[in-house]
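Inside the fold
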Amino acid sequence: MKSNLIRIGAGLAAIIVAAPALAQDLTFWSWRQEDRAAYEQFIDTFEAANPGITVKFETFEAANYNTILSTALAGGTGPDVMMVRAYGGLENVAAAGYLEPLSTESVPALADFAAPALAAESMRSDGVVYAVPFASQTQLVIYNKALFDANGLEEPQTWAELEALSQTLKDAGVIPFANGTATAWQNETVTFGLGSSLMGKDFYDGLMSGDADFTDTRFTTALAEVNELAQNYFPDGFIGLDYPSAQQLFSAGMAGMFVGGSYELATFKAQNPDIELGVFAAPAIEADNEKLVALYFDGGYAANAAGANKEASILFLNYLASPEFGQAFADTLSNISTIPGVSFNDPLLAEVNDLNQSSIPYLMLAHFRFGEPSGSVLIQGEMQKLFAGETTPEAIGEALTTGLAAWYEPFQQ
C-alpha cells in the first residue's frame, strides 16, 4: 500500500506543479442532488490545495440526467467534469466521443483500482477507461435489529429460515417486508436482492459463457420463490405501494425488513436517527449453498473531451481518485468507495464490504442494458405481471431470452 501511495502522490505532485498557472473555473455536474453539502466540502478541500482553480457543483434531476448531459455535450455547452453512469449508461456517452479517455499516465491511481470497477467505466469495444469509478452498491436485505431482537430472531441461513422468521413477524403484527413494486425499478431490486443466492454463481457463469439462458430452471425457480415470499410477506396491496411509501414503512419501524441497496442505509438513518440496522444476504435453499449479494458499480467521474479547461479537469480527477477523497467519501456519504486502501469506519458499512466478497453482479444493470430492449425494462415489467398473477416464471424466462436475443449474441445461437 505504501508504494501505491507514493506513486499516486508522485503523479499528483507532477500535475500540481503547474496548478498556480491554471487559474481556471471548472463546472462539475451530477445527479446526486442529496449529496450537495458533502461535495461542496470535498471541493473546498481540493480548492485549498490548488489555488487558482475553482469548481462549481451543479446538480440535475436523476431520472433525466443522462438526457440533459448528452444534449449539453452535443451542443458544446457541457460541463468540464461530470458524474457519468456505468455500463450501458457510460457507453451511450463515451461512444459519441464526449468523454476524455483516461489512462494510468493521466490518472496514475487507476493502476490500483479493481478490474471490475474499471470495466464498469470502460467501453467494451476497446477496454478504454473513461471515468474514475466512485462507488459500488450492494443489493441485500436490511433489517430492523430492535424488531428482530424483540421477536427472538436471528439472520437466516436458509430460505426456509427466512420464511419462518417472516411468519414470526407477521404473527406479531409486524409487516415482514416493507417493499412495494408500484415503482418499476423496485421489481428489479426485489428480484435480485432476494434471488441472487437462489440463482447461484453457476447459473451466472453459464449465462456469461452462453451455456445457459433465462429459461434455465435455476432462474425460473428463483423467481417462483421470490414471488411466493412477496405474496405472503410483503404489505397488503404491495403492487400498488410506491418506493417512498415503502421506505417510510420501514424507517417508521412498521416493517422488519427491506430489500434494497446499501445506498438505503444513510436514507433510513436520516429518516429515523434512532433506528438500528442490520444487513444480510438473502440465503439459498440450503445452508451449505453460498449466500450471495448482487453487486454493481454506480458511476464515475469523467472529463469533457472538448472542454476548455482540460488540464485542470484532469487535476481534479486525480483528486477524485485519491485515497484522501475516497476516505472522505466513505465517511461522509456512508458509501463503499472503490478507491483502494479506504477503510470503513462505520461498522454497518464494513459489514456490507465483507458481504461483497461473496457476490454476483447485479445482473441486468451490469450485463443487459447495452441494447434494446433493455434487460432491466423487461424484468421490471415481467415481474410486475408475475406479482399480479398475470404470468409465470417460465413465461418470464422465455420473454427475457427472446427479447434479449435481439442484440445479445449468445442468445442468438
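The model shown is predicted, which means the values in this text are computed figures rather than measured ones.

**Some words on the environment of S106**
Checked against the element boundaries, S106 lands in the loop between α4 (88-94) and α5 (115-120). As for S106 and R32, which are separated by 74 residues in sequence, their C-alpha atoms are 26 Å apart. Side-chain polar atoms of S106 contact the backbone nitrogen of S103, separated by 3.2 Å.

**Examining the pattern of salt bridges**
Evaluated as defined, the whole model comprises nine salt bridges. One salt bridge in this structure joins E382 and K385, with 3.2 Å as the shortest N-O distance. Taken together, the positions of E382 and K385, both in helix α16 (residues 375-387) and three residues apart, correspond to about one turn of that helix. Taking relative accessible area as the criterion, K385 reaches 33% and is therefore assigned partly exposed.

**Digging into the side chain of N304**
Relative to the helices and strands, N304 resides in the loop between β8 (293-303) and α12 (310-320). One polar contact links the side chain of N304 to the main-chain carbonyl oxygen of P79, over a distance of 3.0 Å. Apart from residues no more than four positions distant in its own chain, N304 is found in contact with L73, G78, P79, D80, M82, Y98, E100 and K310.

**Looking at the confidence of the model for the protein chain**
With 95% of its residues at a pLDDT of 70 or more, the protein chain shows a mean pLDDT of 94. Highest mean pLDDT in the protein chain belongs to strand β5 (residues 175-177) (99); lowest belongs to helix α1 (residues 2-16) (41). Across residues 1-20, confidence stays below pLDDT 50; counting only partners more than four residues off in sequence or on other chains, it has 24 contacts.

**Focus: the packing of aromatic side chains**
Scanning all chains against the criterion turns up 41 aromatic pairs. Ring plane angle 50° and centroid distance 6.2 Å describe the contact between W31 and F134, whose orientation is recorded as tilted. Placement of W31 in the loop between β1 (24-30) and α2 (36-49) and of F134 in strand β4 (residues 132-144) is noted, with a sequence separation of 103 residues between them. Across this residue pair, the class does not change: W31 and F134 are buried. A cation over a ring is seen here: R85 above W31, with NZ or CZ 3.9 Å from the ring centre. One residue, R124, lies across the ring of F370, its end atom 3.8 Å from the ring centre.

Thresholds, definitions, all that
- Each chain carries its own residue numbering, running from 1 in the written order of its sequence.
- With the structure being a predicted model, the display of local features is reserved for residues of pLDDT at least 70 and the display and counting of side-chain atom pairs for 80 or more, all residues being used for whole-chain, interface and lining totals.
- The side-chain figures draw on all heavy atoms in the structure; neither hydrogens nor water molecules are used.
- A run of H or I in DSSP becomes a helix once it reaches four residues, and a run of E becomes a strand once it reaches two; helices and strands are each numbered from the N terminus.
- Polar contact is defined as a pair of N or O atoms within 3.5 Å, subject to the rule that within protein one atom must be able to donate a hydrogen and the other to accept it, and that residues adjacent in sequence are counted only when both atoms are side-chain atoms.
- In what follows, salt bridge is the name for a side-chain nitrogen of Lys or Arg lying within 4 Å of a carboxyl oxygen of Asp or Glu.
- Only protein chains enter the accessibility calculation, which uses a 1.4 Å probe; a residue is then buried when its area is under 20% of its type maximum, exposed when over 50%, and partly exposed in between.
- The criterion used for residue contact is that any of the two residues' heavy atoms lie within 4.5 Å.
- Confidence per residue, as judged by the predictor, is encoded in pLDDT with a range of 0 to 100.
- A pair of aromatic rings is counted whenever rings of Phe, Tyr or Trp (Trp by its six-membered ring) have centres within 6.5 Å, and the orientation is called stacked for planes under 30 degrees apart, edge-to-face for over 60 and tilted otherwise.
- Distance and angle both matter: a charge sits over a ring if NZ of Lys or CZ of Arg is within 6 Å of the ring centre and within 35 degrees of the ring normal.

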